[in-house]
Amino acid sequence: MLSAISSSRLILNNPLLIRVLRFPIPKLPLSTNPGSFSSLSTAAAVSNNAAGGGRTGAVSPSLVTEELQQRIDVNPPKGTRDFPPEDMRLRSWLFSNFREVSRLFGFEEVDFPVLESEALFIRKAGEEIRDQLYCFEDRGNRRVALRPELTPSLARLVIQKGKSLSLPLKWFAVGQCWRYERMTRGRRREHYQWNMDIIGVPEVTAEAELISAIVTFFKRLGITASDVGFKISSRKVLQAVLRRYSIPEALFGKVCIIIDKIEKLPLAEIKKELESVGVLEEAIDQLLQVLSIKSLTELEEILGDSGEAVADLKQMFSLADKFGYSEWIQFDASIVRGLAYYTGIVFEGFDRGGKLRAICGGGRYDRLLSTFGGDDIPACGFGFGDAVIIELLKEKGLLPELGLQVENIVCALEPGLQEAAATVATILREKGQSVDLVLESKPLKWVFKRASRINANRLILVGDSEWQKGMVGVKILSTGVQQEIKLDELD
């Protein structure tokens, strides 16, 4: 017992070890190896002692520290990301472009909780998204989920606001989303998504405006119509085909989900899945034949020119010409989107090089609000993830160089002038300038290296003789020009 007490005191008098023990000890598995069990249980006992003064068995501080270090996984959970400064600069740059394009088109920013009711995202049986939810029961016995997309949260907010809203709404959001899915290039389990939505406009002009916004975004980043295109169709095309071949309307949602996989699965697998939901073999062949159409003229020959599907699509392509992005779009009957709530025009942005998954996608969802008990309002929108566009920019060599940039670096030339340097830094910061204040005594060689690393514009030196005259030395780092400036004239 005496050896245990003395060891405990030794540990508690070790500041370095105490700092280590401030972190919670992870739960560790029991071991049948007596030596291993002893070291693990002792480590837990030391943690308890640090927190509340309990007694422990004898243990070496180095053993505890080593044991803890072995147990810490420094990687984020699979499918998620850290954002160190260099990656955070890139993310901020991308998000600023999302926001600037939204501003140019007159949209207002909104946001929603990352944690939502699970029921918000479970609309139709068979939707792929049901199996991708990060969902659980909270301490109040409520079923909740990390949001996998933003549109249902938008619908919930619109219903909540009700008649207090003045239509049309033009809202956008940039938010984090979570999906437990198989990871590929540009696809992670958490990502950030840019959404733009128009609520209250039934005309195809709304979809045309949204695609115009995405095209504007691409152009700002240097992406051209030879890099990216949009495949456009309408859910109404599929509805018309189902009616033509007597496929029950009740199968519409299930058929959409299967057809959405047409570029991911072999055709034989698509046929097999269609059969499994009750579509007859003859109807499957006819359906797949229509979905292979890549020309509006050919579609019109099959469906006629009097239906809503063809009329909407013809207007869409006409508007694209007026907006000036005709070269970016093409008709593709197989585009249906996998989510059940789409009702009309649907579109996907794709990499013409064929190396990446869909860059973005969206369409009209006029009947989403009624699935949550609200009154339906005409609506359309798109989602645009951050991961795929970064991969495309890498592929095209369009990622910007985004080094850290600080306007001023302030350094005291003598230890006794550190307070004076803090005064100078405060003056500049109050004038809106960024300042990196050297917080400890460093040689000038180190200061110049630091200034180069942070891309500082000016080096401000606080020296004794200058300070006594109420002045500081200012060196413009790009030109090497140096002068003394009065403190009250520093800007």
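Residues numbered from 1 in each chain as written. Predicted model: local features only at pLDDT ≥ 70, side-chain atom pairs only at ≥ 80, totals over all residues. Heavy atoms only, no water.

> Before we move on, could you go through the nonpolar core and cite the residues and values that matter?
Counting residues in hydrophobic clusters, the biggest one holds 80 residues, and the most contacted among them are F218, F230, F384 and I389. Top element by residues in this core is helix α7 (residues 205–221). It accounts for ten residues. The contact partners of F384, leaving out residues within four places of it in the chain, are F98, Y192, Q193, W194, N195, I214, F217, F218, I359, C360 and I389. Counting 24 residues, the second largest nonpolar core, distinct from the first, contains L150, A173, I335 and I377. (Core = buried A, V, L, I, M, F, W, Y, C linked by side-chain atoms within 4.5 Å. Buried < 20%, exposed > 50% of the residue type's maximum accessible area, 1.4 Å probe, protein only. Helix = DSSP H or I, 4+ residues; strand = E, 2+ residues; numbered from the N terminus. Contact = heavy atoms within 4.5 Å.)

> Please give an account of a nonpolar patch on the surface that cites residues and values.
Together, L413, L444 and F448 line one region of the surface with nonpolar side chains, adding up to about 250 Å² of accessible area. Along the chain, L413 turns up in the loop between β12 (408–412) and α15 (418–430). (Patch = residues over 30% accessible without salt bridge, like charges linked within 9 Å, V, L, I, M, F, W, Y side chains within 5 Å. Areas by Shrake-Rupley, 256 points an atom, 1.4 Å probe, with all protein chains shown as cover. Salt bridge = Lys/Arg side-chain N within 4 Å of Asp/Glu carboxyl O.)

> Tell me about the sheet that holds strand β11 (residues 379–385), residues and numbers included.
Ordered by their spatial adjacency, eight strands build an open sheet running β1-β5-β6-β11-β10-β9-β7-β8, and the pairing between neighbours is mixed. If you trace the sheet from one side to the other, it starts and ends with β1 (108–109) and β8 (329–331), each paired once. Of the strand pairs in this sheet, strand β5 (residues 169–178) and strand β6 (residues 190–199) are connected by ten bridges, and their pairing is antiparallel. Counted as the bridge partner of G175 is Q193 from β6. Of the strands in this sheet, β7 (228–234), β8 and β9 (345–351) are in contact with helix α13 (residues 308–323), which crosses β8 at around 160 degrees. Each of β6, β7, β9 and β11 is contacted by helix α14 (residues 386–396), which is oriented at about 55 degrees to β11, the strand it contacts most. (Pairing = 2+ DSSP bridges. Axes fitted to C-alpha atoms, helices over the stretch in contact; angles between N-to-C directions.)

> Which residues make up the pairing of β9, and what values go with them?
With respect to burial, β9 is a largely interior element, seven of its seven residues being buried. Here β9 shows two buried faces, one formed by I345, F347, G349 and D351 and the other by V346, E348 and F350. By the bridge criterion, seven bridges tie β7 to β9 in an arrangement that is antiparallel. Note that in β9 the partner of S233 across the bridge is V346.

> So what's going on with the pattern of salt bridges? Which residues, and what values?
Here the idea is simple: oppositely charged side chains can pair when their charged atoms come close. One pass over the full model with this rule turns up 24 salt bridges. A salt bridge links R147 to D111; its shortest N-O distance comes to 3.5 Å. With a gap of 36 residues between them, R147 in the loop between β4 (143–146) and α6 (151–161) and D111 in the loop between β1 and β2 (115–117) connect regions that are remote in the sequence. The closest approach of N and O atoms between R364 and E207, which form a salt bridge, is 2.8 Å. Taken together, the positions of R364 in strand β10 (residues 360–364) and E207 in helix α7 put the pair 157 residues apart, joining distant regions of the chain. This pair shows no difference in class: R364 is buried, exactly as E207 is.

> Talk me through the packing of α7 against α13; I want residue IDs and the actual numbers.
One can describe the packing of α7 onto α13 by two numbers: an axis separation of 9 Å at closest approach and a directional angle of 45 degrees. As the angle between them shows, α7 and α13 are arranged oblique. For the pair α7 and α13, the sense of crossing is right-handed. On α13, the residues touching T205, E207, A208, E209, I211 and S212 of α7 are M316, L319 and F323. Class assignment for the residues of the contact of α7 with α13 results in five nonpolar, two polar and two charged. (Parallel < 35°, antiparallel > 145°, perpendicular 65-115°, else oblique. Left-handed = near helix turned anticlockwise from the far one by under 90°. Nonpolar A, V, L, I, M, F, W, Y, C, P; charged D, E, K, R; others polar.)

> Summarise the sheet that holds strand β14 (residues 458–462); cite the residues concerned and give the values.
Taking strand neighbours across the sheet as the criterion, the five strands line up as β13-β12-β14-β15-β16 in an open arrangement whose pairing is mixed. With partners counted over all chains shown, the strands left at the sheet margins are β13 (435–437) and β16 (482–486), one partner each. Taking each pair of neighbouring strands and ignoring which way they run, the sheet shows an average axis angle of 25 degrees. By the bridge criterion, three bridges tie β12 to β13 in an arrangement that is parallel. Paired with V410 across the two strands is L437, which belongs to β13. Seen against the sheet, α15 touches β12, β13, β14 and β15 (471–476) and runs at an angle of roughly 170 degrees to β13. This element, helix α16 (residues 444–453), spans β12, β13, β14 and β15 of the sheet and lies at about 165 degrees to β12.

Purely geometric numbers; function is a separate question.
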